[in-house]
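Structural overview
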Amino acid sequence: MVTGMCCNFLMKIKNNSASSWNLGEPIWSGSLIVTSDDKHCYLNFSSNSQLFLKVKVDTGVVEPVLDSSRYFVVKVEQGEKRAFLGLGFQERSESFDFTASLSDFKKHQNPIIINETPLDLSLKEGQKIKISLNLKKK
C-alpha cells in the first residue's frame, strides 16, 4: 500500500489526542509505503525517493488516536531508545487504507484454520428424531 501524503509529528510524551499535537508544524511530510515479508510488516516513510524512517510493526506499535480517524501514534524503538511519533493522513480514505493494510497483514499472520472435511449431519438409515412440543391450550 502506498499513500499520497502523510505527516509525522514529534511528541515529547505519548499522547493519543491529535488535537493537542502541533498539527501546523510536522517534522516530516512525504509518502508512506506499507510492505511485508512472510513474518513482518514495515512502515517505510519516504520523501523524494529517500527513505526517512523504516519501522517494523509489532503489537502496540501503531495505535489510533481518540479524537480523529486520520491520525495514529507510532512507537519507534532503536535499541534502548524509544520515541512516539504522530502519523497523520490528509485524506480519510488513505487512513482507512492504512488500517486495512495492517489488518490484512495481521489476518494472514494468524489465519483461522477451517476444517476442510464437511460434517455429515444427515440422519442415517433407520435413525429417528423425537420432537416433544409443550403446547398450551387456549
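Scroll up to find the structure this text is about.
Description of the structure in this document. (Residues numbered from 1 in each chain as written. Predicted model: local features only at pLDDT ≥ 70, side-chain atom pairs only at ≥ 80, totals over all residues. Heavy atoms only, no water.)

**Here's the deal with a nonpolar patch on the surface**
Cut-off, in case you're wondering: Patch members must show over 30% relative accessible area and no salt bridge, and they are joined within 9 Å when carrying like charges or within 5 Å when they are nonpolar side chains of Val, Leu, Ile, Met, Phe, Trp or Tyr. Per-residue accessibility takes into account occlusion by the displayed protein chains alone, with areas from the Shrake-Rupley method and a 1.4 Å probe. The term salt bridge refers to a side-chain nitrogen of Lys or Arg lying within 4 Å of a carboxyl oxygen of Asp or Glu. In this text, helices come from DSSP runs of H or I with a minimum length of four residues, and strands from runs of E with a minimum of two, each type numbered from the N-terminal end. Buried residues are those whose accessible area, probed at 1.4 Å on protein chains only, stays under 20% of the maximum for their type, while exposed residues exceed 50% and partly exposed ones sit between those limits.
Together, Leu123, Ile129, Ile131, Leu133 and Leu135 give the surface a local cluster of nonpolar side chains, amounting to about 620 Å² of exposed area. Counting through the fold element by element, Ile131 comes out in the segment after helix H1 (92–109). Looking at Ile131, the relative accessible area reads 66%, which means it is exposed.

**Focus on the side chain of Lys75**
The condition is simple: In this tally, Asp and Glu contribute negative charge and Lys and Arg positive charge; neither His nor the terminal groups of the chain are included. Residues are treated as being in contact if the distance between any of their heavy atoms lies within 4.5 Å.
Note on placement: Lys75 falls in strand S6 (residues 71–78). No salt bridge is formed by the buried Lys75. Its closest oppositely charged neighbour is Glu77, at 4.4 Å. Residues within four places of Lys75 in sequence aside, it is in contact with Val55, Gly60, Val61, Arg82, Ala83 and Phe84.

**Some points on the sheet that holds strand S7 (residues 81–89)**
Worth spelling out the cut-off: Here, a strand pair is defined by DSSP locating no fewer than two bridges between the strands. Axis lines are fitted to C-alpha atoms, over the contacting stretch for helices. Their N-to-C directions set the angle, which ranges from 0 to 180 degrees.
In spatial order, the strands read S4-S3-S2-S1-S7-S6-S5; together these seven strands make up an open sheet with antiparallel pairing. Both outer strands of the open sheet, strand S4 (50–57) and strand S5 (62–64), are each paired with one neighbouring strand and no more. Looking at each pair of strands side by side, their axes are set apart by 35° on average, direction ignored. In the sheet, S5 pairs with S6 via three bridges, with the strands oriented antiparallel.

**Quick notes on H1**
Keep this limit in mind: Under the convention used throughout, the expected extent of a helix is 1.5 Å for every residue step, that is, one less than its residue count. Here the arc refers to the directions that run from the helix axis out to each C-beta atom.
In this model, H1 (18 residues) spans 26 Å end to end at C-alpha, consistent with the 26 Å of a helix rising 1.5 Å per residue. When we look at burial in H1, the residues that qualify are Glu94, Ser95, Phe98, Ser101, Leu102 and Phe105. The arc that holds every buried residue of H1, seen down its axis, measures 120°, which confines them to one face. The outward face of H1, more than 90 degrees from its buried face, is lined by the exposed residues Arg92, Phe96, Lys107 and His108. Tucked inside the fold, the buried residues of H1 contact strand S2 (28–36), strand S3 (41–47), S4, S5, S6 and S7.

**Let's talk about the pairing of strand S1 (residues 6–11)**
Burial analysis of S1 places five of its six residues in the buried class, which makes it a mostly covered element. The pairing of S1 with S2 spans three bridges and is classified as antiparallel. By the bridge assignment for S2, Cys7 is matched with Ser29. For S1 and S7, the ladder comprises six bridges, and the chain directions are antiparallel. Bridge pairing links Leu10 to Leu85 in S7.

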